[in-house]
Amino acid sequence: MERMPKWADLVLTPLLSLILAFAISALVILAIGESPAQAMKVMVEGALMSSYGWGFTLYYATNFIFTGLAVMVAYHAGLFNIGGEGQAAMGGLGVALVALALPWPHWALALPAAMIGAALFGALWALIPAWLQARRGSHIVITTIMFNFIAAATLNYVLVNLLRPVGSMDPASASFPPGTHLPKLSELALLLGIDWGRNSPANITFFIALAACVLVWLLIWRSRLGYEIRAFGKSEPAALYAGISPVRITVLAMLISGALAGLMAVNNVMGEAERLVLNAVEGAGFIGIAVALMGRNHPLGILMAALLFGFLYQGGGELALWTTIPRELIVVIQALVILFTGALDNMVRMPLERLFAARRRKGA
Amino acid sequence: MDFGTTIQILDSALRLMTPLLLACLAGLYSERAGVFDIGLEGKMLMAAFTSASVAYATGSAWLGLLAGIAGALSLAVLHGLASISFRGNQLISGVAINFLAAGLTVLLGQKIFALGGRTPSLEGAARFRPITLPLAQELRDVPILGPIYAELISGHTILVYVAFLMVPLTWWVLYRTRFGLRLRAVGENPASVDTAGVSVTRLRYGAVMICGVLCGIAGAYLATGISAGFVKEMTAGRGFIALAALIFAKWRPWAALGATFLFGLLEAVANRFPNLDLGVVTVPSMFMNALPYILTVIILAGFVGRATPPRAGGEPYVKER
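Residues numbered from 1 in each chain as written. Chains lettered and ligands numbered in written order. Predicted model: local features only at pLDDT ≥ 70, side-chain atom pairs only at ≥ 80, totals over all residues. Heavy atoms only, no water.

Novice: Pulling in residues and values, what's your account of the pattern of salt bridges?
Specialist: For the structure shown, the criterion picks out 9 salt bridges over all chains. With a shortest N-O distance of 3.1 Å, D345(A) and R296(A) are connected by a salt bridge. Of the two residues, D345(A) sits in helix α15 (residues 345-363) while R296(A) sits in the loop between α12 (284-294) and α13 (299-322), which places them 49 residues apart along the sequence. For K43(B), the salt bridge is made with D37(B), and the minimal N-O distance between the two is 2.3 Å. The exposure classification of K43(B) matches that of D37(B), with both residues buried. One connected set of salt bridges, linked through shared partners, spans R224(A), E228(A) and R248(A). (Salt bridge = Lys/Arg side-chain N within 4 Å of Asp/Glu carboxyl O. Helix = DSSP H or I, 4+ residues; strand = E, 2+ residues; numbered from the N terminus. Buried < 20%, exposed > 50% of the residue type's maximum accessible area, 1.4 Å probe, protein only.)

Here's what the structure looks like:
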């Protein structure tokens, strides 16, 4: 197979796939009798033209950075983790247990503890599928799907029977004590004298997400473990000859992946709802798949893709509010992004490769 | 538990297992040919929507069934395109198809009916009606066998009987026809089929299309048989339970019947007794709901026999040049 230049492989192919996905999304909007340009205008205005909109966009993006990184780390080890949804849900349980366990005096103490709880529960939820894949050869995709459902049932049970405050009808935990309330980005801005993003849920977790991007980059491309993960993902037999243990790498990669997905709960459970409700993850675990695919499994790409999906999510909410287009338009766009950048990647790549090969022959 | 209750639960189990059985057999064809399909859920959902819409518009459940098959087939073609022609990742393609169906059904439903993603209720000929088998009324009073025949075996819609007939048919196709032999071979070792001069691409497309047709019937049954119309997300994870049943059945048709019956029974018992009192302990309904998934994980772990998927499953076939 003739090689393409690196920029074509890393930028041109995904960009063309993305353009295709959005072109078809526009056709879908046309098909339901709305104007794509008008829809775009509503989305941009709702998500990006006010500090309030930005607050929501950044809040959603924070979720997607974590789940995107989770998919990415597993992907580099050759594992397709569809279990982000369940891992993030269990991460929420970890956060809730930490937040409700002690009368926290200050958020700065509660935050690290909650992060540990979230990461631990997320990682534990990924451990069993990881171990089954490594030791018993059961397919990680199927086991993580099953664990998503098991997590939903477990959480349902815990919320209804164990965490629900006496006298409450909601399947939800008690509200977290005030000492666990994370500062919102708008409050931080106010400290700097800027009036920014009132009443929006973006909070300090956004900076943790940014830090996570850097740490994951360091882990994957600048650490011994990252090298082993990538080597294992590229070729299992080669990794084996190099003395890399498949069991160790599979389990470690999935633990890190699950921990990252679990950490998302710091943002939505602790930072926003301030109590644990049923279905708090709202599909962010699955969006992580689209984000990782679109971001070409690189933290920088994931950051950008997460911002784009944050924009789509908030813009989609505005669409549902101001037009007759339902929120589910976002699900369609998400599907098309996954389809074109993930599954139909070769549809764009094959003709491009032929094009570059032809040009090279002419040049030679 | 008395005899009447047992009959009622079994009857409900048959109804609930029907979409699972159809989807499970659908997955069986596809995966036996080497194409993994986690998009069963999406195809069923799409079929449920198209069948309900067309059945409502035309007043005919049969036209609805055709539309359901067409709806699921369109996604099957997409899956084939991605995973066979363009050698993409079959799992990613399946994920995309699930989302596409979840989004499109609500989007189109809202556009056409403006009921928040639902279709209007189906009435009369727009639904599949229960069929009373011959002599069911006359034999009702015969002890034991009478109620079993009249209530358990008789009185289902035609799609239930179709689903059950699909089991021996699938067995016959897979193990007694040339097509079935080649289908199984292409899932184990596509190169050998290619060497024998048979087109891997065509065989795999064939299997993926059969999968689409069966998912179409399953979705149409959900919307026009069990319920009277489409509601958003109405498949509610059934595609994944069917996938679980397929693993449970180790990719064999008769075992698929057993696995889906077990899962249908679990659902029926959970519906009837939300909190199952076993005397010593009370089993919460959430546990019953999660049981199919837990059982699948246990099977996958190899503690109850080994589930070995078709060897070439998930691998796109690249012809050597």
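Novice: Lay out a nonpolar patch on the surface in plain terms, naming residues and giving numbers.
Specialist: The grouping of F3(B), L135(B), L139(B), V142(B), I144(B) and L145(B) at the surface amounts to a nonpolar patch, some 550 Å² of accessible area in total. On the secondary structure map, F3(B) appears in helix α1 (residues 3-32). (Patch = residues over 30% accessible without salt bridge, like charges linked within 9 Å, V, L, I, M, F, W, Y side chains within 5 Å. Areas by Shrake-Rupley, 256 points an atom, 1.4 Å probe, with all protein chains shown as cover.)

Novice: Tell me about the environment of W131(A), and name the residues and values.
Specialist: Residues and elements named next belong to chain A. As for its position among the elements, W131 is in helix α5 (residues 107-136). Classification of W131 by relative accessible area gives partly exposed; the value is 37%. Once you skip the residues sitting within four places of it in the chain, W131 turns out to touch R136 and V251. (Contact = heavy atoms within 4.5 Å.)

Novice: I'd love a proper account of the environment of Y157(A), names of residues and values included.
Specialist: Tracing the backbone through its elements, the reader meets Y157(A) in helix α6 (residues 140-163). Overall, the relative accessible area of 32% leaves Y157(A) in the partly exposed class. C-alpha separation for the pair Y157(A) and A26(A), spaced 131 residues apart in sequence, amounts to 42 Å. Not counting residues within four places of it along the chain, the set of residues in contact with Y157(A) comprises L162(A), P284(B) and M286(B).

Novice: Before we move on, can you summarise the interface of chain B and chain A with the specific residues and values?
Specialist: Facing 43 residues of chain B, the contacting portion of chain A comprises 44 residues. Buried surface at the junction of chain B and chain A, summed over both partners, amounts to about 3,700 Å²; 84% is from carbon and sulfur atoms. Taken as a group, F86(B), F99(B) and L107(B) account for 19% of the area that chain B buries against chain A, more than any other trio of residues on that side. Counting the contacts that link chain B with chain A gives 1 salt bridge. A salt bridge links K232(B) to E328(A); the shortest N-O distance between them is 3.1 Å. Summed over the shared surface of chain B and chain A, the result is 4 residue pairs in polar contact (both at pLDDT 80 or more). Among the secondary structure elements, those contributing two or more residues to the side of chain B that touches chain A are α3 (61-85), α4 (90-113), α11 (238-248) and α13 (285-300) of chain B. For the side of chain B that touches chain A, the leading source of residues is α4(B), giving 15 residues. For the side of chain B that touches chain A, the per-class residue count stands at 30 nonpolar, 9 polar and 4 charged. (Buried area = accessible area lost by both parts, 1.4 Å probe. Polar contact = N/O pair within 3.5 Å; in protein donor to acceptor, adjacent residues only side chain to side chain. Nonpolar A, V, L, I, M, F, W, Y, C, P; charged D, E, K, R; others polar.)

Novice: Describe the side chain of E85(A), listing the residues and the values that go with them.
Specialist: Residue and element names in this part refer to chain A. Along the polypeptide, E85 turns up in helix α4 (residues 84-101). The side chain of E85 is buried and forms no salt bridge, while R327, the nearest opposite charge, is found at 13 Å. At 2.9 Å, the side chain of E85 and the backbone nitrogen of G285 are in polar contact. Not counting residues up to four positions away in its chain, the partners in contact with E85 are N148, V281, E282, G283, A284, G285 and F286. (Lys, Arg positive; Asp, Glu negative; His and termini not counted.)

Novice: I'd like a description of α11(B), backed by residues and values.
Specialist: Taken across its 11 residues, α11(B) has 10 buried, putting it largely inside the fold. Of the residues making up α11(B), those classed as buried are R238(B), G239(B), F240(B), I241(B), A242(B), L243(B), A244(B), A245(B), L246(B) and I247(B).

Novice: So what's going on with the packing of aromatic side chains? Residues and values would help.
Specialist: Evaluation of the coordinates by the stated rule reveals 16 aromatic pairs over all chains. Aromatic pair F64(A) and Y313(A): ring centres 5.3 Å apart, planes at 80°, arrangement edge-to-face. Of the two residues, F64(A) sits in helix α3 (residues 51-76) while Y313(A) sits in helix α13, which places them 249 residues apart along the sequence. On the basis of relative accessibility, which here comes to 14%, the residue Y313(A) falls in the buried class. Ring geometry for Y56(B) versus F113(B): centroids 5.8 Å apart, planes at 80°, classification edge-to-face. Of the two residues, Y56(B) sits in helix α2 (residues 40-58) while F113(B) sits in helix α4, which places them 57 residues apart along the sequence. In textbook terms, an aromatic cluster arises when at least three aromatic residues are bridged by ring pairs, as seen for Y52(A), F56(A), Y59(A), Y60(A), F64(A) and Y313(A). Here the basic side chain of R327(A) rests over the ring of Y313(A), its NZ or CZ set 5.2 Å away from the ring centre. (Phe/Tyr/Trp six-rings, centres within 6.5 Å; stacked < 30°, edge-to-face > 60°. Lys NZ or Arg CZ within 6 Å of the ring centre and 35° of its normal.)

Novice: Which residues make up the packing of helix α8 (residues 205-222) of chain A against helix α11 (residues 246-273) of chain A, and what values go with them?
Specialist: All names here are of chain A. Contact geometry of α8 with α11 gives a least axis separation of 10 Å together with a crossing angle of 170°. What the angle tells us is that α8 and α11 run roughly antiparallel. Seen along the crossing, α8 lies across α11 with a hand that is left-handed. Residues T205, A212, V216 and L219 of α8 lie in contact with α11, whose contacting residues are I256, L260, V266 and N267. For the contact of α8 with α11, the per-class residue count stands at 6 nonpolar, 2 polar and no charged. (Axes fitted to C-alpha atoms, helices over the stretch in contact; angles between N-to-C directions. Parallel < 35°, antiparallel > 145°, perpendicular 65-115°, else oblique. Left-handed = near helix turned anticlockwise from the far one by under 90°.)

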